[in-house]
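Summary of structural features
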Amino acid sequence: QVQLAESGGGLVQAGGSLRLSCAASESIFSINSMGWYRQAPGKQRELVATVTSGGSTNYADSVTGRFTIARDNAKNTVYLQMNSLKPEDTAVYYCRAYKYSSITFRGSEAWGQGTQVTVSS
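Residues numbered from 1 in each chain as written. Predicted model: local features only at pLDDT ≥ 70, side-chain atom pairs only at ≥ 80, totals over all residues. Heavy atoms only, no water.

What to know about the nonpolar core
Counting residues in each nonpolar core, the largest one holds 30 residues, and the members touching the most others are L4, M34, W36, L80, M82 and Y93. Mapped by element, the contributors of at least two residues to this core are strand 3 (18-24), strand 4 (33-39), strand 5 (46-52), strand 7 (67-72), strand 8 (77-82), strand 9 (91-101) and strand 11 (115-120). Filtering out sequence-adjacent residues up to four positions away, M34 remains in contact with L4, C22, I28, A49, T50, V51, I69, R71, V78, C95, R96 and A97. (Core = buried A, V, L, I, M, F, W, Y, C linked by side-chain atoms within 4.5 Å. Buried < 20%, exposed > 50% of the residue type's maximum accessible area, 1.4 Å probe, protein only. Helix = DSSP H or I, 4+ residues; strand = E, 2+ residues; numbered from the N terminus. Contact = heavy atoms within 4.5 Å.)

Printed below as a string of C-alpha cells:
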C-alpha cells in the first residue's frame, strides 16, 4: 500500500500563503484520486480538494478561489497551494490516495500522518 508523507505546514498570518506537499512512496500515475482533507479541533475531517488521474479537480466551497491542488506524477507528489489564508483554515491537513481496482472491483485508500497549519489573526 502506498505511503504518504505530508510537509509544508506551519504558522502563518492571515492573508498569507503556504504550500503543502504530499510525497508518495510509489508511483501515483494509476491512483484514481489524490486529495487533501483537514480536521480542526472538535470538528470532523472534511474534504478540501481532490484531483483525479485525469486532472479533474474538486474543491470545498470554503476554499474555492484561494486554494489550488496539483499533482506531479513524475515526482509522485501532490501539492496544495493555499493563498489568502484565514484563521478558520487552521487545522491538521491530511493527504489521501484512493485507488480503484477494476479486477477486484474494490477501492482502497491510504492516508498520511497530517501536517499542522495554523493561521493567526
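Some points on the sheet that holds strand 1 (residues 4-7)
Spatially, four strands are ordered 1-3-8-7 in an open sheet, and the strand pairing comes out antiparallel. At either margin of the open sheet sits one strand with a lone partner, and together these are strand 1 and strand 7. Direction aside, the axes of adjacent strands within the sheet are offset by 15° on average. Note that strand 1 and strand 3 share four bridges and pair antiparallel. Looking at the pairing, E6 lines up with C22 of strand 3. (Pairing = 2+ DSSP bridges. Axes fitted to C-alpha atoms, helices over the stretch in contact; angles between N-to-C directions.)

Keep in mind that these numbers describe shape and distance, not what the molecule does.
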